[in-house]
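Letter by letter, the chains look like this.
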Amino acid sequence: MANFLTALGGMTFKYLADGSAGISGFMTCIPILSYNCLTMTYKTVATAVIVLSTLSTSSVLDLSRSGWTLQNLPLNISVPASLPSQAHLDLYAAQVIGDPYFGLNDFNLRWVAESNWTYVSATLEGLDASDKTQTWLLFNGLDTFASIEFCGRHVAATNNQFRQYYFDVSDFLADCPSPVLSLNFGSAPLIADAIAAEPGQETWPYSVEIAYEFVNRQFIRKEQSDFGWDWGPAFAPAGPWQPAYVIQLASDDTSSEVFVRNADLDISRHGQLNNLPPDQGAPWLLNASLDILGSIPDGAGLQYVVAESVTNRTVSCGSMTNITTTADAVTGTAILDPSTYELWWPRGLGPQNLYNVTIKLQDVEDRNIASINRRMGFRTIVLNMEPINEGQLAQGIAPGNNWHFEINGHEFYAKGSNFIPPDAFWPRVTETKMRQLFDSVVAGNQNMLRVWASGAYTPDFIYDIADEEGVLMWSEFEFGDALYPVDQDFFDNVQEEAIYNVRRVNHHPSLALWAGGNELESLELQLVNNTAPEELDRYMAEYERLFLDTLLPVVYANSKSISYIPSSTTNGYLELNFSLPVPMIERYNNKTPGSVYGDTDYYNYDSSLAFNYSSYPVGRFANEFGYHSMPSLQTWQQALSPQDLHFNSTTIQLRNHHYPPGGLNTSNFPNTTKGMGEMTVAAQRWYPVPNKTLPLANFSAWCHTTQIFQADFYRSQIAFYRRGSGFPNRQLGSLYWQLEDIWQAPTWAGIESTGRWKVLHYAAKDIYEPVIITPFHNSSTGDLEIYVTSDLWSPVAGVVAFECYTWSGTPVRNLSSVVPATVRFEVGALNTTRVLALNTADLAFDLTDLVLYMNLSATGPLPNTLTNRTFHHENFFAATPLSEARLVDPGLRLSYSDTTGNFTVEATRGVAAWVWIDYPEGEVLSFDSNGFWLLPGRGREVRVRGERDGRVEGVSVRSLWDNLVAE
Ligand code: BMA
C-alpha cells in the first residue's frame, strides 16, 4: 500500500544506533587551569546550595521546621499550622472545617476565602544578631496578598503568588530578643474586587473574562483556577504555599558569605536561536547564571563540573568564560564537546540520559563561595513554525507553515494530554502522588503534557519526575480565558514572576515550550471581535504588550533552548526576525486559502457529530479537544452522602461546572442541567442505556456509560489526528483535554482524583500505541476506509487480518469478496497507509448484526534502536451505533491465577463490547488493558499494573451488554 505522503519513510538518523548518539565513551576529566574539578564540598538547602569557606555553616533556617499558628482573631480562631500550607488545610487538620472536597463545601467554605488569615511563627531560635551578619527572609511562594512582619516590624507587602520574594532584615534583630515572623494574608477575592473597582481601572467588553465563581481573577497574580473553573471548585486559598527560609550571611574582614536563591542553567547548541531548529552538529553551549543574596566579590568566577547522573562520574569540568556580574547575578558560559554527552530523549524515542551539572562560584583567590547542582539533559527541543519548504511541498505537504516539535533534530508525534492543577491545595500534592500520576502517563503511551496556563507554575519536583520518565512538558505562563490589565505595575509584577520561573525551571530537559497563555487568540481576541469589533485594535495592541513585548523577551533573555508562542492555540508567526526589537510578528488570521497553519482547539457538544470526521479540525497539531464524563461510583462515594448518589442529584449538579455559574450563584441551574444533559443525550444516542432496578447499580452504569462515550469520541479524534501525520496537513500531535482531575466531579479527565483510570485513559493508551489500525466510517455515504498509522521513525511492514462476526459470535464467511482475510502493508516513518476501502452497502448483510474485527502485527525498530520488534494492535468496527446493534449476552467469565497474579476474561457466548474490569472503592489499581472488545472463545489475560501483593478482592467484570440487564 502506498503511503499518503511520499518520501517520509526514508529518514536518516544522525543519532540512530542503539541510542548511543555518537558517544565515544567515557571522557577522562582533565583539570583545567589550576582548578581541580574533583574536590568539591557543598551543602544542599532546598533548591539552593550554600558553600561556606571559612565561615559558620549554620546560616539557613528552614521555616518549615519552626512551629506555626494560624489565626483569625476576630473569628476567634487560633489553630496549629504548618509551612508550606494554606489556611483551608490547617483549618481542616484542626477540624474547624470539614473536608473541603465533600458535598457542597465549595460553596459552604466561601467564608474562609473571604477572611484574613495570619500565620505566626514560634520564636525563631538561634539567629545571629551580630552587626556583621546580613539577615534575609526568603519566600519561595506566598499566596497571595501578604503583609509580612518580623520582630514586630512591618517588612513588606506582596501581591504575586508566583514570585520568589526576599527581604533584607539585617537591622531588625538588633533589638529583638524573641524574633517572631508573622504573615498576614488578605482575602484574594475581596482584594481582586477592590482592584477592579479602582477608578480608571482597565475594562473589557462584556463576557471577555470567562467567569466561573469568584470574578475579577485577571486583576491579580494568583492561580486563576483558584477562583473556579469548569472542572473545579473555587476555594481561593491563602497561605505560605512554598518553602521559606531565614538566611544569615556572616562576613569577616576577608570574605562574606553569599546564598544562591535561584539559578538559570541552559544547554543549547552553539548558535541556536529560540524557535528555530539548530545545527545538530554544533557544540553544546552551557550557560549558567546564579541569582545571589549577599555581596558578589570583585573578580568572581564560575567553574563547571558535569557528571553522569547515575554513576556521578565526572565527564567534564572547567572554568566558564564570558563572566558578567551584576549587583545580584553572576553569569558565564562554557562550550562543551558534543561527542562527550549522550542525548536525552522523550519516552519511546530513546533513553533519558541525565547529568549532574555543578556550578561553583569562586572569589578572585579561587576559593569556593557558593555552589549549585542541577540535573540536566543534553537535548534540543524546538517548536518548528517555519514556512513549509520546497522539499516538504514535494512530499505532498500542504503549503503554509509547520507547527510541530522536533527533538534533537527529529520530527516526532506528540502524544499526550493537558495537565491541570492536581489538587486545589498545592501544599498537599506529594511526590508519591505525582510519581503515580506520571507512571500512568507513561503507561498510557504519552510523551508530552501541556501544563495548562491557569494553574500554577509547576514545582521542580514534578519536572524532575518528567525528566526521569521522559515526559515533555509544554509549559505556560499563568494567563487564561481573560484579557489582562496593561498598567505598568501589572507588567512589572508579571515580568518578575516570569523571570523567576523561567530561570527556575530552564534546566529541566523535559521543558518543551513556553506559551503565553490559554486560548487568548482563538477565544479572547475572537470574543472582542464578536462583541466589540471596533475595539479589536486596542485590545490586540494590549495583548501584544503583555504576550509579545513583556513575556517573549523574558524567555529569549533567559533561555536559548526553548521556543515561545504567545497563546496556546495560534496560527504562529508571519515573521520571525531577530533584528527586530520584538522578533515575532503574529500571523493571527492572515492566512492564504489552501494553506494550513497552527494548532487546533476543538470542543463540540453536539454529540450527533461525535463520530463525523468531517466535523474535526484539520490543523498541524491538536492541543485540546474533549467532552466531559462522570467519575465512577467509587470516586463519587468519597465526596457524596449516600442519598446524593444518583445522576441528577442536586449535589452532583452543583458540582458540575460545565457550564459554569458565572459568579457566586449557589444554584447553577440551568447551566449545569445543560452540561449534564449533554452527557445523558450522548449516552442515549450511541449506546443502550441502563435501566436497572437497583438505584446504585443504575447510577454506576450511567456514570460508566458517559465514560464509554467520552473514550469512544476521543479514540475517534485521536485516530483522525494521527492519520493526519500522513496527510497533507502533516499533523504531528494530539494532546487531549484533560489528563487528570482536581476533585470528584463531572469533567473531561481521563484519571479521576483518586488516581483511578476512567475508560478514557485505557482507550488513549491503546490508540497511542506506535502502530495502530483504525476504521474511518462515513455514516452518510457508507464509505469505510481502514488505515494503518505509525509514529515510528523507520518504515514497518506487517499484515492485517480481518474477520467478520455476528454479535452472537458466528463467523460471517461470505463477505470475503469485500473483506479480504489478510492485507499486507508497509507504512513509512510517521506516516499512514490505507489498507482497505469499501462501502458498507456492499456487505449485503444486516449491519445491526455485523462486527468487523481487525488485527495488525508489524515488524520494525523503535526509534533510536536497531533491533526489530513486533507491534500488535486490534480494533473492531460496528456499522451501526451500538444503541441500534443486536447485542447479545457475551457470557463473560473472569478468573484469577494465583500463579501469575493475572486475571483472564473470556467471552463465552458472543462478542463483548467495552469489557470493563472493575474494583471496589478504597483501592487504586490499573490494568494493562481495560475497556476492550472481546471475541468469543478468545480469553484476554490482564495484568494488574505496578507492584501489588496478594489477591485483589472484589474485582468484577461487565460489558456494554450489562446496561440491558435489569439487576
Ligand atoms: C478549554 C481549556 C480549559 C477548559 C476546557 C474545557 O477551554 O483551555 O480552559 O477547562 O477547555 O472547557
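Procedures and definitions
Residues numbered from 1 in each chain as written. Predicted model: local features only at pLDDT ≥ 70, side-chain atom pairs only at ≥ 80, totals over all residues. Heavy atoms only, no water. Phe/Tyr/Trp six-rings, centres within 6.5 Å; stacked < 30°, edge-to-face > 60°. Buried < 20%, exposed > 50% of the residue type's maximum accessible area, 1.4 Å probe, protein only. Helix = DSSP H or I, 4+ residues; strand = E, 2+ residues; numbered from the N terminus. Lys NZ or Arg CZ within 6 Å of the ring centre and 35° of its normal. pLDDT = per-residue confidence, 0-100. Contact = heavy atoms within 4.5 Å. UniProt positions renumbered as here; feature names shortened; annotations may be inferred. 1 Å grid on protein atoms, 1.4 Å probe; cavity = no way out; pocket = protein on both sides within 12 Å on 5 of 7 lines; lining within 4 Å. Points joined across faces, edges and corners; volume = space filled by probe spheres on them. Nonpolar A, V, L, I, M, F, W, Y, C, P; charged D, E, K, R; others polar. Near = heavy atom within 4 Å. Polar contact = N/O pair within 3.5 Å; in protein donor to acceptor, adjacent residues only side chain to side chain. Areas by Shrake-Rupley, 256 points an atom, 1.4 Å probe, with all protein chains shown as cover. Domains from an automatic or database assignment. Core = buried A, V, L, I, M, F, W, Y, C linked by side-chain atoms within 4.5 Å.

Enquirer: Describe in detail the packing of aromatic side chains, supporting the description with residues and values.
Expert: Overall, the coordinates contain 68 aromatic pairs when judged by the stated rule. Pairing Tyr 165 with Phe 167 gives two aromatic rings, centres 6.1 Å apart and planes at 10°, and the pair type is stacked. Classification of Tyr 165 by relative accessible area gives buried; the value is 7%. Arranged with centres 5.1 Å apart and planes meeting at 35°, the rings of Tyr 543 and Phe 547 form a pair that is tilted. Residue Tyr 543 and its partner Phe 547 are located together in helix 10 (residues 536–558), separated by four residues, close to a single helical turn. Here Arg 269 stacks its cationic end above the ring of Trp 284, 3.7 Å away from the centre of that ring. Directly above the ring of Trp 743 sits Arg 655, whose terminal nitrogen or CZ lies 4.0 Å from the centroid.

Enquirer: Residues and numbers for the confidence of the model for the protein chain, please.
Expert: In this model, the protein chain carries a mean pLDDT of 93, and residues with pLDDT of at least 70 account for 93%. When pLDDT is averaged over each element of the protein chain, helix 1 (residues 87–93) comes out on top at 99 and strand 1 (residues 43–45) at the bottom at 32. Of the regions scoring below 50 in pLDDT, residues 7–36 engages in 68 contacts with residues more than four places distant in sequence or in other chains. This stretch, residues 38–58, has a pLDDT under 50; its non-local contacts, to residues over four places away or in other chains, come to 51 contacts.

Enquirer: Can you explain the UniProt feature "domain: Mannosidase Ig/CBM-like" (unreviewed entry) in the protein chain? Please cite residues and give values.
Expert: Taken from the UniProt record, the annotation "domain: Mannosidase Ig/CBM-like" (unreviewed entry) applies to residues 783–860. Its end C-alpha atoms 31 Å apart, residues 783–860 is made of 0% helix and 55% strand.

Enquirer: Got a sec to walk through empty space enclosed by the protein? Specific residues and values, please.
Expert: Scanning the entire structure with this criterion turns up nine cavities of 30 Å³ or more. In this structure, the largest cavity encloses a volume near 100 Å³. Around the largest cavity, the lining comprises 13 residues; the ones closest to its centre are Ser 632, Gln 634, His 704, Trp 916 and Arg 958. Secondary structure elements with two or more residues in the lining of the largest cavity: helix 11 (633–639), helix 14 (695–723) and strand 43 (912–918). With four residues, the single largest contributor to the lining of the largest cavity is helix 14. Tallied by class, the residues present in the lining of the largest cavity amount to four nonpolar, five polar and four charged. Here the second largest cavity defines a volume of roughly 60 Å³.

Enquirer: Describe in detail the environment of Ser 178, supporting the description with residues and values.
Expert: Secondary-structure assignment places Ser 178 in the loop between strand 10 (165–168) and strand 11 (181–185). Ser 178 sits in the partly exposed class, given a relative accessible area of 45%. Remark: the alpha-carbon pair of Ser 178 and Leu 127, spanning 51 residues in sequence, is separated by 9.7 Å.

Enquirer: Please give an account of the site of the ligand that cites residues and values.
Expert: Every residue close to the ligand is listed here: Trp 229, Asp 230, Trp 231, Trp 452, Asp 481, Asn 518, Glu 519, Tyr 603, Glu 624, Trp 737 and Trp 748. Contact between the ligand and Asn 518: an oxygen atom at 2.9 Å from a side-chain N or O atom of the residue. Interatomic distance of 2.8 Å between a side-chain N/O atom of Glu 624 and an oxygen atom of the ligand. Notes on the ligand: free accessible area 300 Å², of which the protein chains cover 92%.

Enquirer: So what about the domain arrangement of the protein chain? Which residues, and what values?
Expert: Looking at the assigned domains, one finds that the protein chain contains domain 1 (60–246), domain 2 (783–876) and domain 3 (892–964). The C-alpha centroid of domain 2 is placed 58 Å from the C-alpha centroid of domain 1.

Enquirer: Give me helix 15 (residues 759–767): which residues, what numbers.
Expert: Here helix 15 lies mainly inside the structure; eight of its nine residues are buried. Considered for burial, the residues of helix 15 that qualify are Val 759, Leu 760, His 761, Tyr 762, Ala 763, Ala 764, Lys 765 and Ile 767. Buried residues along helix 15 sit in contact with helix 6 (431–443), helix 14, strand 33 (733–736), strand 34 (771–777), strand 40 (868–878) and strand 43.

Enquirer: Talk me through the nonpolar core; I want residue IDs and the actual numbers.
Expert: The nonpolar side chains of soluble globular proteins are, as a tendency, buried together. Counting 243 residues, the largest nonpolar core has Phe 150, Ile 359 and Phe 405 as its most contacted members. Ranked by the residues each element gives to this core, the list is headed by helix 10, at 11 residues. Apart from the residues lying within four places of it in its own chain, the contact partners of Phe 150 are Leu 124, Leu 127, Leu 137, Val 155, Val 169, Phe 172, Leu 173, Pro 179, Val 180 and Leu 181.

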